[in-house]
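Structure at a glance
Residue strings, one per chain:
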Amino acid sequence: MVNPIASPTSHRHAGRPSGFTLIEMLVVMTLIALLLTLAVPRYFHSIDNGKLTVQRQNLATMRDAIDKFYADLGRYPDTLEELVARKYLRQVPMDPVAEVASWTIVAPADAAQGNVYDVMPVGVSASGAAPAPVAAAAVAAGPIATATLSEAAGTAAPSVADEAAATTGGPP
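Rules used in this analysis
What you see as residue numbers is a count from 1 along each chain, following the sequence as written. Under the rules for a predicted model, residues below a pLDDT of 70 receive no local features and side-chain atom pairs below 80 are neither given nor counted, while totals for whole chains, interfaces and linings still include all residues. Hydrogens are left out, water is left out, and the side-chain values use all remaining heavy atoms of the structure. Note on conventions: DSSP H or I runs of at least 4 residues are helices, E runs of at least 2 residues are strands, and numbering of each starts at the N terminus. Nonpolar cores are built from buried Ala, Val, Leu, Ile, Met, Phe, Trp, Tyr and Cys residues. Side-chain atoms within 4.5 Å join them into one set. Remark: exposure states derive from per-residue accessible area (1.4 Å probe, protein chains only) relative to the maximum for the residue type, with buried under 20%, exposed over 50%, and partly exposed in between. Any pair of residues with heavy atoms lying within 4.5 Å of one another is described as a contacting pair.

What follows concerns the overall build of the chain. Each helix and strand counted, the chain has 5 helices and 2 strands in total. The helix and strand sequence of the chain, counted from the amino end, reads α-α-β-β-α-α-α.

Core analysis: the biggest nonpolar cluster contains 13 residues, and Met 62, Ile 66, Leu 80, Leu 83, Trp 103 and Val 119 have the highest contact counts within it. Taken together, the elements giving at least two residues each to this core come down to helix 1 (22-73) and helix 2 (80-85). Counting residues per element, this core draws most heavily on helix 1, at 5 residues. Excluding residues that lie within four positions of it along the chain, Met 62 makes contacts with Leu 80, Leu 89, Val 92, Pro 93, Trp 103 and Val 119.

Moving on, we come to unusual backbone geometry. Glycine aside, residues mostly have negative phi angles, and peptide bonds mostly take the trans form. Positive phi, close to 70°, is recorded for Lys 87, a residue that is not glycine. Residue placement: Lys 87 occurs in the loop between helix 2 and strand 1 (103-106). Using a relative accessible area of 71% as the deciding quantity, one classes Lys 87 as exposed. Residues other than glycine seldom take positive phi values, yet Glu 99 does so here, at roughly 60°. On the secondary structure map, Glu 99 appears in the loop between helix 2 and strand 1.

With that settled, consider the environment of Glu 82. Examined against the element boundaries, Glu 82 turns out to sit in helix 2. For Glu 82, a relative accessible area of 14% translates into the label buried. Each C-alpha atom, one on Glu 82 and one on Val 116, is 9.9 Å from the other, the two residues being 34 residues apart in sequence. Excluding residues that lie within four positions of it along the chain, Glu 82 makes contacts with Phe 69, Arg 75 and Pro 77.

Laid out in structure tokens, this is it:
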């Protein structure tokens, strides 16, 4: 007697349990692992780039607050917390790379002017370099900032024609 509920295809897989074989599972797991080896390094690289971007922005914010403090009071702050107390900053930002709220403090040349001339990430020293705000701005923005900074200092930045004349030995 024929079972009216059973479908005609149910007899093909009558003795075999449904599911995936071990080989099929291994192939899928291998493909997933291969894709992860390509994606994971890119993910961590983008995380590191994001931390560096936030660090640069935090430094720019603190340097701007220090400059405004100096413009208003004619001296540099004694501590970063003084910037917070006088409402130039809401709080001292955290260094996302070092994951601490600690920064390297650079004192001005004249100690009577205050204690905080510039800030840098922990572990970076300012010895033997140009004043940090100028050097950091020039490095961060590239050759355009170098030309702008030299113009601001009162010296004319060399033009492309001047550089061409210097290399060829003649007028442009």
